[in-house]
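# Survey of secondary and tertiary structure
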Amino acid sequence: MAEQVAAAGSSSKIQADGKQSVPDAAAFDFVIVGATGDLTMRKLLPAFYECFRRGQIDGSAKIIGVARSPLSAEGYRSKAQAALKDFVASASYDDAISRDFLGLVQYVSLDMSGRDADWTGLANQLSAEKERPRVFYVATAPKLYVPTADAIAHNKLITESSRIVLEKPIGTDQATAAEINDGVGQHFTEEQIFRIDHYLGKQTVQNILALRFANPILERVWNADSIAHVQITAAETVGVGKRGPYYDSAGALRDMVQNHLLQVLSLVAMEPPTAFSAMDLRDEKLKILRALKPMSDHDIATDTVRAQYGEGRVDGEQVPGYLEDLGAPVSTTETCLAIRAEIRTARWAGVPFYIRTGKRMARKETTVVVQFRPQPWAIFTDNPEPGQLVLRIQPNEGVSLSLASKDPASEQYRLKEAVLDVDYVKAFNTRYPDSYEDLLMAAVRGDQVLFIRRDEVEASWRWIEPILRGWEKNVRPLETYPAGDQGPASSDELLARDGFVWKESIQ
Ligand code: BG6
């Protein structure tokens, strides 16, 4: 990523050995709209704290929390301090650093979606320097994105160095996504709009590109000639918790697939970009999203599975079912799904991509499994399963390749699977940063490589929407699965039909 960062105008220094040194500390004004919310407390402030601790943030930077609560700056800082204590890893937390960091934090009580509120408090906090990055991070409900952008513009706070960061979900379908993009786009140019997908902030997701495009040994076999199928799994043990009202209107397809998993899929499947720049990279991802085979009602009936968790046991604990979590007598929202997707390109013709995600599954695990084709002519009688490359996105970040080897313990020439495994944490002897650390600093630098372009959002919705509509028509009925399970049996059948099985437990 070194060249790309340099190309994006960062002040990072590239050392003679090509390694990137710690970037110069950045000075900026960062306005967090929705500053008392869960995301700010659990993710944004702890991520900023880590960046500050690493020396990436200049002492003149300002992080300005904005929310409706009538808090003083001091009151907000003590809330923030409690959040840091709770959510920063104990190995990183330090009272003195936290105090210094909180010295950068300000608070303004303001309803930002209300154009006529008194904005002078916020305006006074912002530096008049034109070149200083000014970021508005909208960590609120999506229905407030456009009113917030309108109000920021109405109050003349947009400078040339301003950017707006929008959390997912961008809309709930094609039409509502277009409304948000059009509305925000009236005031901010596409180069100023940073649509976050926190999966792109994960080191292991970024590493898909390094593995593919910096290792010709992999890239040369990365196609339909050598690869039989690809599995992308994002399983979670948590239920919907307090997010029931949001989740029930979204479901797993909107919550995880439209954004995170389609992004992962496009990184796995894309052609090499001409250069490692935001424009080229996103052009290639977009081509994959556009090449996804549209699903007819018939495909939806045969190639998708949707299910909802009932009560069960997770991590040894009895947990209630989705309806009880939601506090509603009925709901047809899916909390788990599996989809068999196809990509209509020369590279991937005939290679199914299976996507699976679910809440209240047996374990928390996000992986990409690349299954290589078997030997066309097997000379060994006991051929073990052909090679699998497993990218462990989380936990136990790493990569493994299973290979057939001669079993030294057998008297005859027998084969056994041996696994080449790299555990990134051990290999690099480093802490794995939270996704938001990279993303926040990239937004400050104005580097869009890790953010989603408008046409990507639109292409994802174009593929997702027929599935949503098909499910609304009950083309594929909703099933149930007990909490703590692997999802319904029909998700196994989706692969079994093609002669494959899900890889379980990579830990
Ligand atoms: C969020 C979804 O975007 O991603 C959540 O809204 C989900 O429902 C979360 O739990 C998963 O993220 P991660 O980083 O834990 O895999």
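Residues numbered from 1 in each chain as written. Predicted model: local features only at pLDDT ≥ 70, side-chain atom pairs only at ≥ 80, totals over all residues. Heavy atoms only, no water.

### Side note on the overall build of the protein chain
- In terms of helices and strands, the protein chain carries 17 helices and 17 strands.
- Against the compact-globule benchmark of 23 Å for 507 residues, the protein chain has a radius of gyration of 24 Å, which places it among compact chains.
- In the protein chain, buried positions account for 52% of the 507 residues.
- In the protein chain, the proportion of contacts linking residues at least 24 apart, taken out of those at least 6 apart, comes to 77%.
- Roughly 22,100 Å² of accessible area belongs to the protein chain as shown, and the carbon and sulfur atoms make up 52% of that amount. (Helix = DSSP H or I, 4+ residues; strand = E, 2+ residues; numbered from the N terminus. Rg over C-alpha atoms; globule rule 2.2 N^0.38 Å. Buried < 20%, exposed > 50% of the residue type's maximum accessible area, 1.4 Å probe, protein only. Contact = heavy atoms within 4.5 Å. Areas by Shrake-Rupley, 256 points an atom, 1.4 Å probe, with all protein chains shown as cover.)

### A closer look at the site of the ligand
- Neighbouring the ligand are Lys168, His198, Tyr199, Lys202, Glu236, Arg243, Asp255, Met256, His260, Lys359, Lys364 and Gln394.
- Within the side chain of lysine 168, an N or O atom sits 2.7 Å from an oxygen atom of the ligand.
- Notes on the ligand: free accessible area 400 Å², of which the protein chains cover 81%. (Near = heavy atom within 4 Å. Polar contact = N/O pair within 3.5 Å; in protein donor to acceptor, adjacent residues only side chain to side chain.)

### Quick notes on helix α6 (residues 145-154)
- Restricting attention to buried positions, one finds in α6 the residues Tyr145, Thr148, Ala149, Ala151 and Ile152. For α6, the angular spread of buried residues about the axis comes to 165°, placing them on one side.
- Looking at the buried side of α6, the elements it contacts are β1 (29-33), β4 (134-138), β5 (162-166) and α7 (174-185). (Arc of directions from axis to C-beta.)

### Focus on the packing of aromatic side chains
- Under the definition given, this model contains 17 aromatic pairs.
- Seen in terms of ring centroids, phenylalanine 28 and phenylalanine 30 are 6.3 Å apart; in terms of plane orientation they differ by 75°. Their pairing is edge-to-face.
- A relative accessible area of 0% places phenylalanine 28 in the buried class.
- Ring centres 6.0 Å apart and planes at 20° place the aromatic pair phenylalanine 28 and phenylalanine 48 in the stacked group. Remark: phenylalanine 48 occurs in helix α2 (residues 38-53) and phenylalanine 28 occurs in the loop between α1 (2-7) and β1; sequence separation between them is 20 residues.
- For phenylalanine 48, a relative accessible area of 0% gives the class buried.
- A network of ring pairs unites the aromatic residues Phe28, Phe30, Phe48 and Tyr137 as a single cluster.
- Sitting over the face of the ring of tryptophan 502, arginine 356 holds its NZ or CZ atom 4.0 Å from the ring centroid. (Phe/Tyr/Trp six-rings, centres within 6.5 Å; stacked < 30°, edge-to-face > 60°. Lys NZ or Arg CZ within 6 Å of the ring centre and 35° of its normal.)

### A look at the pattern of salt bridges
- The tally for this structure, following the rule as stated, stands at 34 salt bridges.
- Between aspartate 38 and arginine 42 there is a salt bridge, with the nearest N and O atoms lying 3.0 Å from each other. Of this pair, aspartate 38 and arginine 42 both sit in helix α2, four residues apart, roughly one helical turn.
- For arginine 42, a relative accessible area of 36% translates into the label partly exposed.
- Among the salt bridges present, the one from aspartate 283 reaches arginine 453, with a minimum N-O distance of 2.8 Å. (Salt bridge = Lys/Arg side-chain N within 4 Å of Asp/Glu carboxyl O.)

### Examining the confidence of the model for the protein chain
- Residues of the protein chain with pLDDT of at least 70 account for 94%, and the chain-wide mean is 92.
- This stretch, residues 1-22, has a pLDDT under 50; its non-local contacts, to residues over four places away or in other chains, come to 28 contacts. (pLDDT = per-residue confidence, 0-100.)

### Structural notes on the sheet that holds strand β11 (residues 336-341)
- The mixed open sheet is built from nine strands, whose spatial order is β16-β15-β14-β13-β7-β12-β11-β8-β17. Two strands close off the open sheet at either side, each with one partner strand: β16 (415-423) and β17 (478-482). For this sheet the average axis-to-axis angle between neighbouring strands, irrespective of direction, equals 20°.
- Bridge analysis of strand β7 (residues 227-235) against strand β12 (residues 353-358) gives six bridges, and the strand direction is parallel. Bridge pairing in β12 places alanine 235 opposite glycine 358.
- Relative to β12, helix α10 (residues 244-269) is tilted by about 145°, and along the sheet it contacts β7, β11, β12 and β13 (365-372). (Pairing = 2+ DSSP bridges. Axes fitted to C-alpha atoms, helices over the stretch in contact; angles between N-to-C directions.)

### A closer look at the environment of aspartate 283
- With respect to the secondary-structure elements, aspartate 283 resides in helix α11 (residues 278-291).
- Polar side-chain contacts of aspartate 283 include one of 2.8 Å to the side chain of arginine 453.

### A word on unusual backbone geometry
- Omega for the peptide link from lysine 168 to proline 169 comes to 5°, which places this bond in the cis form.
- Residue glutamine 394 is joined to proline 395 through a cis peptide bond whose omega torsion reads -15°.
- Relative to the elements of secondary structure, proline 395 occurs in the loop between β14 (388-394) and β15 (398-406).
- Notably, lysine 156 is not glycine yet its phi reads approximately 55°, a positive angle.
- Tracing the chain through its elements places lysine 156 in the loop between α6 and β5.

### Looking at the pairing of strand β8 (residues 304-310)
- When you tally the buried positions in β8, you get six out of seven residues, the bulk of the element.
- Bridge count for β8 against β11 is four bridges, and the pairing is antiparallel. Each bridged residue has a counterpart across the sheet, and for valine 305 the counterpart in β11 is alanine 338.
- By the bridge criterion, five bridges tie β8 to β17 in an arrangement that is parallel. In the sheet register, tyrosine 309 faces β17, and the bridge partner there is tyrosine 481.

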